[in-house]
Amino acid sequence: QVQLVESGGGLVQAGGSLRISCAASGSVFRINAMGWYRQAPGKQRELVATITSDGTTNYADSVKGRFTISRDNAKKTGYLQMNSLKPEDTAVYYCNAMVVNTLYWGQGTQVTVSS
């Protein structure tokens with residue numbers, strides 16, 4: 001079994017930064033891909049960023065230039081560095097990881113950006 005636990009969310013002022021983490025535990029020997037998704041009130045879940053095993057990244061247009069996804073394979077942890085945060089970034093952020101061809105999700109961490 002694999003568990004993903006997000007951390008690092010919280011309240012931040014507009015223009016500020018946060019780094020959220022996604023730590024994988026359990027039967028994790030390789031992570032093929034990781035991603036971050038978010039869901040804001042009244043909005044569907046959306047892709048924020050993904051990173052493949054070879055380091056290829058992709059970002060939603062709304063966060064390009066502001067967010068950076070990364071991964072530490074030794075720590076089995078993914079990160080999302082969020083800079084220049086905007087109120088519209090307020091959402092529950094979910095980590096996603098593909099482990100042995102099975103998709104896992106974390107329970108989410110709340111990110112709130114105040115004006």
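Residues numbered from 1 in each chain as written. Predicted model: local features only at pLDDT ≥ 70, side-chain atom pairs only at ≥ 80, totals over all residues. Heavy atoms only, no water.

With respect to the overall build of the protein
For step 1, the next point in the chain: Looking only at helices and strands, the protein has zero helices and 11 strands in total.
For step 2, the next point in the chain: Secondary structure elements of the protein occur, N-terminal to C-terminal, as β-β-β-β-β-β-β-β-β-β-β.
For step 3, the next point in the chain: Computed over the C-alpha atoms, the radius of gyration of the protein is 13 Å, within 12% of the 13 Å expected from 2.2 N^0.38 for a compact globule of 115 residues.
For step 4, the next point in the chain: With respect to the principal axes defined by its C-alpha atoms, the protein has extents near 40 × 25 × 25 Å.
For step 5, the next point in the chain: In the protein, buried positions account for 43% of the 115 residues.
For step 6, the next point in the chain: Excluding contacts between residues fewer than 6 apart, the proportion of contacts in the protein whose partners are at least 24 apart in sequence is 54%.
For step 7, the next point in the chain: Looking at charge distribution, the protein has the averaged site of its 11 positive side-chain charges lying 4 Å from that of its 7 negative ones. (Helix = DSSP H or I, 4+ residues; strand = E, 2+ residues; numbered from the N terminus. Rg over C-alpha atoms; globule rule 2.2 N^0.38 Å. Buried < 20%, exposed > 50% of the residue type's maximum accessible area, 1.4 Å probe, protein only. Contact = heavy atoms within 4.5 Å. Lys, Arg positive; Asp, Glu negative; His and termini not counted. Charge placed at Lys NZ, Arg CZ, Asp CG, Glu CD.)

Let's talk about the sheet that holds strand E3 (residues 18-26)
For step 1, the next point in the chain: Taken in spatial order, the four strands line up as E1-E3-E8-E7 in an open sheet, and their pairing is antiparallel. Strands at the two margins of the open sheet, each flanked by one partner only, are strand E1 (2-7) and strand E7 (67-72). Strand-to-strand twist in this sheet, taken as the mean axis angle between neighbours without regard to direction, amounts to 15°.
For step 2, the next point in the chain: As defined by bridge partners, E7 adjoins strand E8 (residues 77-82) across six bridges and the pair is classed as antiparallel. (Pairing = 2+ DSSP bridges. Axes fitted to C-alpha atoms, helices over the stretch in contact; angles between N-to-C directions.)

Examining the packing of aromatic side chains
For step 1, the next point in the chain: For the structure on display, the rule yields one aromatic pair.
For step 2, the next point in the chain: One cation-aromatic arrangement involves arginine 45 over tyrosine 37; the distance from NZ or CZ to the ring centre is 5.6 Å. (Phe/Tyr/Trp six-rings, centres within 6.5 Å; stacked < 30°, edge-to-face > 60°. Lys NZ or Arg CZ within 6 Å of the ring centre and 35° of its normal.)

Overview of the environment of glycine 10
For step 1, the next point in the chain: Its location among the elements puts glycine 10 in strand E2 (residues 10-13).
For step 2, the next point in the chain: Between the C-alpha atoms of glycine 10 and serine 27, which are 17 residues apart in sequence, the distance is 29 Å.
For step 3, the next point in the chain: Not counting residues within four places of it along the chain, the set of residues in contact with glycine 10 comprises Leu18, Gln110, Val111 and Thr112.

Examining the nonpolar core
For step 1, the next point in the chain: Judged by nonpolar contacts, the single largest core of 31 residues is most densely connected at Leu4, Trp36, Val48, Phe67, Leu80, Met82 and Tyr93.
For step 2, the next point in the chain: Of all the secondary structure elements, the ones that give two or more residues to this core are E1, E3, strand E4 (31-39), strand E5 (46-52), E7, E8, strand E9 (91-99) and strand E11 (109-114).
For step 3, the next point in the chain: Take this core: its biggest share by element is five residues, from E9.
For step 4, the next point in the chain: Not counting the four nearest positions on each side in its chain, leucine 4 is found in contact with Cys22, Ala23, Ala24, Cys95, Asn96, Ala97, Tyr104, Trp105, Gly106 and Gln107. (Core = buried A, V, L, I, M, F, W, Y, C linked by side-chain atoms within 4.5 Å.)

Quick notes on the pattern of salt bridges
For step 1, the next point in the chain: Here the structure, examined in full by the defined rule, presents five salt bridges.
For step 2, the next point in the chain: For glutamate 46, the salt bridge goes to lysine 43, with nearest N and O atoms at 3.5 Å.
For step 3, the next point in the chain: Looking at glutamate 46, the relative accessible area reads 19%, which means it is buried.
For step 4, the next point in the chain: One salt bridge in this structure joins aspartate 61 and lysine 64, with 3.0 Å as the shortest N-O distance.
For step 5, the next point in the chain: Connected via shared salt-bridge partners are Arg38, Lys43, Glu46, Arg66 and Asp89. (Salt bridge = Lys/Arg side-chain N within 4 Å of Asp/Glu carboxyl O.)

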